[in-house]
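Residue-level structural notes
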Amino acid sequence: MRILILGGDGYLGWPTALRFSARGHEVSVVDNFSRRRWHTEHGTASLTPIGELDERIAAWREVSGEQIRSYVGAVEDGDFLDEVVAETKPEVVVHYGQQASAPFSMLSRERAVETQQANVIGNLNLLFAMRDHVPDAHLVKLGTMGEYGQPDIDIEEGYIEIEHKGRKDTLPYPKLPGSLYHCSKVHDSTNIHFACRTWGLRATDLNQGVVYGVETEETARDERLVTRFDYDELFGTVLNRFCVQAVIGHPLTVYGAGNQTRGFLNIRDTLACVELAALNPAERGEFRVFNQFTEQFSVGQLAELVKEAGEHLGYSVEIQHYENPRVEKEEHYYNAVHTKLLDLGLEPTLLGEELVESIIHAIERHKGRVIETAIEPKTRWNPAKSPAGQA
Ligand code: USQ
């Protein structure tokens, strides 16, 4: 298949490009290196030393004999994206090309606007480009479990059957996003659903949980193929952060009580899910939603797991509860359905001590690159509240 990957220089985009290329698909990637730029602006960087995109592509050609085409530009630039779609004529578009950090979107008005501009406008540009050049192509869009928030009922996969005043309908599941980043993904889902209903596009929204892990089958083939790994307070996700903290002797930064529960998955499973979605396309006019995670954990459970694994490897690991910089529920019901990807054949990689130890070992190799000042949480959801959470 001809596959276009937006955000092909990122944590998930790069390994996804390698996966499809390794399987013999014709892969093109788009990126404007915004993640690299945001890190430079904040004095942070990937733990893993990643080469420039063209160097990584050259390394992949050397290792695999396969060619990946690259286009440098922003998805917010509608003319640029239109030309890329017209030229590459993809059968599948995998859209990761977004600002993916909740804290980044809460930093300031400028960062919130930048997030929603990149995400909502970029996605809208893509929908028009697909309508005009490849109306039969399948959009595989990275959404987020955070679109649903933490309602006090079970979370369904995208839609819920509602009975209201004696009548019934199946409607999009209600959304309660927890940051302006998560809001942008809700807006995207609404726009994609509209495009499917109105123009007959086909799309799968992958409502993904929190990803962890360093390595995939393809990135492990050569050290020049490594993907980025963030651990800073803006771009690092919680389990990856805890593993880095354990290695450098920083207390594990549990926000608040630590009973916040989320869905999690290994980076290898992200690739498996995206591949399953691509190989089993939605119908024309269908807006399909998959909840993409494999297990649920509370933040406190993850901290305990990292402490155990770290201590097994000889580290002394302390768990520290920080005043929660976010506005989020710390005690809540959480039960999210996630059967559609399993029905398509997903075989989950389950989290356990051994897996955490393997992540810790991968981190140890680059321990000297950790920027310690990037770890402490600084970004508050509501700066009007004192750090102690008092109004
Ligand atoms: N947390 C801590 N300590 C930390 C970092 C985070 O206790 O040092 C807590 C947060 O308060 C939150 C939970 O861990 O309750 C998850 O935070 P996170 O930063 O790992 O993940 P989140 O902000 O939810 O965003 C990440 C990705 C985002 C994706 C989302 C999936 O950055 O792109 O959409 O996970 S989900 O969480 O299901 O919405």
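Residues numbered from 1 in each chain as written. Predicted model: local features only at pLDDT ≥ 70, side-chain atom pairs only at ≥ 80, totals over all residues. Heavy atoms only, no water.

1. Quick look at the sheet that holds strand 3 (residues 68-72)
Quick reminder of the rule: A pair of strands is considered paired only if DSSP assigns at least 2 bridges between the two. Working definition: helices are DSSP H or I runs of at least four residues, strands are E runs of at least two. Numbering for both runs from the N terminus. Geometry is summarised by axes, namely lines fitted to C-alpha atoms with helices restricted to the contacting stretch, and by angles between N-to-C directions that run from 0 to 180 degrees. Pairs of residues are marked as contacts when any of their non-hydrogen atoms sit within 4.5 Å.
Read from one edge to the other, the open sheet built from 7 strands follows the order 3-2-1-4-5-8-12, with strand pairing classed as parallel. The open sheet has two free edges, formed respectively by strand 3 and strand 12 (287-292), since each of these has just one partner strand. Within this sheet the neighbouring strands show an average axis-to-axis angle of 20°, counted without direction. Summarising the sheet, strand 8 (residues 202-208) and strand 12 pair through 6 bridges and their orientation is parallel. Of the residues in strand 12, the one forming a bridge with T204 is R288. Here helix 4 (residues 78-88) sits on the sheet in contact with strand 1 (2-6), strand 2 (26-31) and strand 3, set at roughly 160° to strand 3.

2. Concerning the site of the ligand
Worth spelling out the cut-off: Throughout, near means a residue has at least one heavy atom within 4 Å of the molecule or strand. The definition of a polar contact used here is a pair of N or O atoms within 3.5 Å, where within protein one atom must be able to donate a hydrogen and the other to accept one, and adjacent residues in sequence count solely through side-chain atom pairs. We get accessible surface area from the Shrake-Rupley algorithm with a probe of 1.4 Å; when it comes to residues, only the shown protein chains can shield them. Put simply, Ala, Val, Leu, Ile, Met, Phe, Trp, Tyr, Cys and Pro go in the nonpolar bin, Asp, Glu, Lys and Arg in the charged bin, and everything else, Gly too, in the polar bin.
Around the ligand lies a shell of 21 residues, among which A100, Y181, V238, T253 and E328 are the nearest. Contact distances for the ligand include 2.8 Å between an oxygen atom and a side-chain N or O atom of T144. H182 places a polar side-chain atom, nitrogen or oxygen, 3.0 Å from an oxygen atom of the ligand. For the ligand, whose free accessible area comes to 730 Å², the fraction covered by protein is 93%. Of all the secondary-structure elements, those providing two or more residues to the shell around the ligand are helix 7 (180-199), helix 8 (238-248) and strand 10 (252-255). Ranked by residue count, the leading element in the shell around the ligand is strand 10, at 3 residues. Looking at the shell around the ligand, its residues break down into 9 nonpolar, 8 polar and 4 charged.

3. Some points on the layout of surface pockets
Just so we agree on the cut-off: Site definitions follow a grid-based scheme: protein atoms alone, a 1 Å grid, a 1.4 Å probe that fits but cannot get out for cavities, and for pockets an open set with protein on both sides within 12 Å along at least five of seven lines, plus lining residues having an atom within 4 Å of a point. Grid points are joined across faces, edges and corners, and a volume is the space filled by probe spheres set on the points.
Considered as a void within the structure, the second largest pocket measures approximately 250 Å³ in volume. Forming the boundary of the second largest pocket are 15 residues, of which T48, E223, V226, R365 and H366 lie nearest the centre.

The quantities given are spatial measurements derived from coordinates; they are silent on function.
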